[in-house]
Amino acid sequence: MIYLDNSATTKVHPEVLNTFVAVNEKFWANPASIHTFGHQTNELLQSAREQIADILKTSNEKIFFTSGGTESNNLAIFGLAHKYKQRGKHVLISEIEHPSIIETAKKLSEIGFDVEWIPVNSEGIIILDTLEKLVRKDTILVSVMHVNNETGAIQPIEELSKIVRAQSRALIHMDAVQSFGKIPVDFKILDIDAITISSHKIHGLKGSGLLALKKFVEIEPILYGGGQESGIRSGTTSVPLAVATAKAIRLAVTDLQNNILKLQTLSDDLMVYLNTFPSVKVISPAKKAPHIVTFSVQKVKGEVMINALQEQDIIVSTSSACSSRQTKTSHVLKAMHISDDYIKGVLRVSLSTLNNQQEIDQFKIVFKRVMNVIKGD
Ligand SMILES: Cc1ncc(COP(=O)(O)O)c(C=O)c1O
């Protein structure tokens with residue numbers, strides 16, 4: 001099998017799995033317990049927090065372990081909006097966010113927040129001129145993802161933060177689920193206040209991730225209980241998952257520049273190839289993350305292509321794993337005004353550093369065969 005659906009999930013790295021098993025075997029105490037075993041387990045947890053804080057360039061107490069990207073996004077949107085609601089009720093969200101942001105923002109508007117949507121251009125990149133007009137003195141939160149999961153488009157976060165900072169005291173949250181480990185991400189490079197990371201997108205374990213805040217940024221909890229994770233995320237912290245997450249994060253940033261180069265070479269090669277087919281339209285913009293190539297075959301349903309490729313052991317997806325089992329059209333592609341001829345035929349190839357040139361070459365052979373049968377190309 002050639003697995004090219006790494007934006008949906010990645011294969012767990014053996015070192016991450018070993019870490020998870022080892023911590024479960026040796027340090028399975030409750031990190032909140034006051035006995036020595038509890039202390040030792042807690043030390044491991046704090047060391048995982050410290051390693052992540054170092055990489056993201058924030059302080060240890062601003063790393064909150066969660067069950068993954070969805071929970072971190074819910075926590076960021078609800079938690080920041082509630083914490084800063086004395087300053088205003090205005091919230092700005094991009095139109096192309098993951099459902100875990102969009103649905104949460106819709107809930108905010110149901111309880112009295114004033115949520116407005118930042119539009120994107122035909123390349124799926126937020127329109128900064130419009131953002132400038134939308135930001136107000138009472139804007140308290142702006143949430144825009146770093147890399148779009150359906151198209152790979154990199155959003156202009158640095159420019160966005162300049163605009164937001166010039167006109168308001170709003171907090172900026174960035175969903176880095178598809179960017180962390182693929183392009184540089186930290187609080188120093190990007191002038192933002194909150195970052196969401198999901199472990200299973202970076203060869204970590206499903207059901208784990210984190211929300212990181214910049215130093216001095218505060219948040220309200222969305223889960224109440226025993227007060228773990230500094231009161232922000234109650235529930236016994238899974239130390240094995242936290243330590244495995246720290247491992248996945250460390251591995252993801254090791255050799256980042258070489259990994260970017262490798263992914264870029266593979267995706268450039270694929271894009272050049274896809275552009276040779278008259279009925280194929282590449283949807284990913286020029287300014288895209290190195291691991292995602294999204295394209296569409298004119299007047300052919302995505303599912304038809306996925307099944308035909310799968311029969312020959314190639315695994316790809318429609319534009320997002322979340323929407324691939326739903327029949328409704330992607331909100332991202334709609335926001336980009338992709339034409340009717342192409343919108344139903346969108347496919348996403350998403351790579352990881354485990355992929356290689358031979359696999360891309362094999363993809364090309366199979367794709368040509370499939371196109372020949374289906375389109376006569
Ligand atoms: C951009 C983005 N944000 C959030 C999520 C949700 O992450 P998780 O699966 O860890 O809940 C995903 C998952 O596909 C994603 O691509």
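Note that the structure is predicted; figures quoted are calculated from it, not measured.

(A) Seen up close, the nonpolar core. Counting residues in each nonpolar core, the largest one holds 58 residues, and the members touching the most others are L56, F180 and L210. Per-element accounting of this core gives the leading share, nine residues, to helix α7 (residues 239-253). Counting only domains with at least three residues in this core, you end up with domain 1 (2-9 + 256-375) and domain 2 (14-253). Beyond its immediate chain neighbours, meaning those up to four positions away, L210 contacts I52, L56, I63, F64, F65, T66, S72, I195, T196, I197, T245 and I249. Judged by nonpolar contacts, the second largest core, of 29 residues, contains I2, L263, V316 and V370.

(B) Representation of the packing of helix α9 (residues 302-311) against helix α12 (residues 357-375). Put simply, α9 and α12 touch, their axes get as near as 10 Å, and they point 125° apart. Accordingly, the angle class assigned to the pair α9 and α12 is oblique. Where α9 crosses over α12, the handedness of that crossing is right-handed. When α9 is examined against α12, the residues V304, M305, A308 and L309 are found in contact with a partner set consisting of F363, V366, F367, V370, M371 and I374. Within the contact of α9 with α12, the residues separate by chemical class into 10 nonpolar, no polar and no charged.

(C) Structural detail: empty space enclosed by the protein. Enumeration over the complete set of coordinates arrives at one cavity of 30 Å³ or more. Put simply, the largest cavity is a space of about 30 Å³. Considering the residues around the largest cavity, the lining is formed by N6, S7, Q178, K182, K201, H291 and L351. Broken down by class, the residue content of the lining of the largest cavity amounts to one nonpolar, four polar and two charged. When residues of the lining of the largest cavity are assigned to domains, at least three fall in each of domain 1 (2-9 + 256-375) and domain 2 (14-253).

Rules of the game
Residues numbered from 1 in each chain as written. Predicted model: local features only at pLDDT ≥ 70, side-chain atom pairs only at ≥ 80, totals over all residues. Heavy atoms only, no water. Core = buried A, V, L, I, M, F, W, Y, C linked by side-chain atoms within 4.5 Å. Buried < 20%, exposed > 50% of the residue type's maximum accessible area, 1.4 Å probe, protein only. Helix = DSSP H or I, 4+ residues; strand = E, 2+ residues; numbered from the N terminus. Domains from an automatic or database assignment. Contact = heavy atoms within 4.5 Å. Axes fitted to C-alpha atoms, helices over the stretch in contact; angles between N-to-C directions. Parallel < 35°, antiparallel > 145°, perpendicular 65-115°, else oblique. Left-handed = near helix turned anticlockwise from the far one by under 90°. Nonpolar A, V, L, I, M, F, W, Y, C, P; charged D, E, K, R; others polar. 1 Å grid on protein atoms, 1.4 Å probe; cavity = no way out; pocket = protein on both sides within 12 Å on 5 of 7 lines; lining within 4 Å. Points joined across faces, edges and corners; volume = space filled by probe spheres on them.

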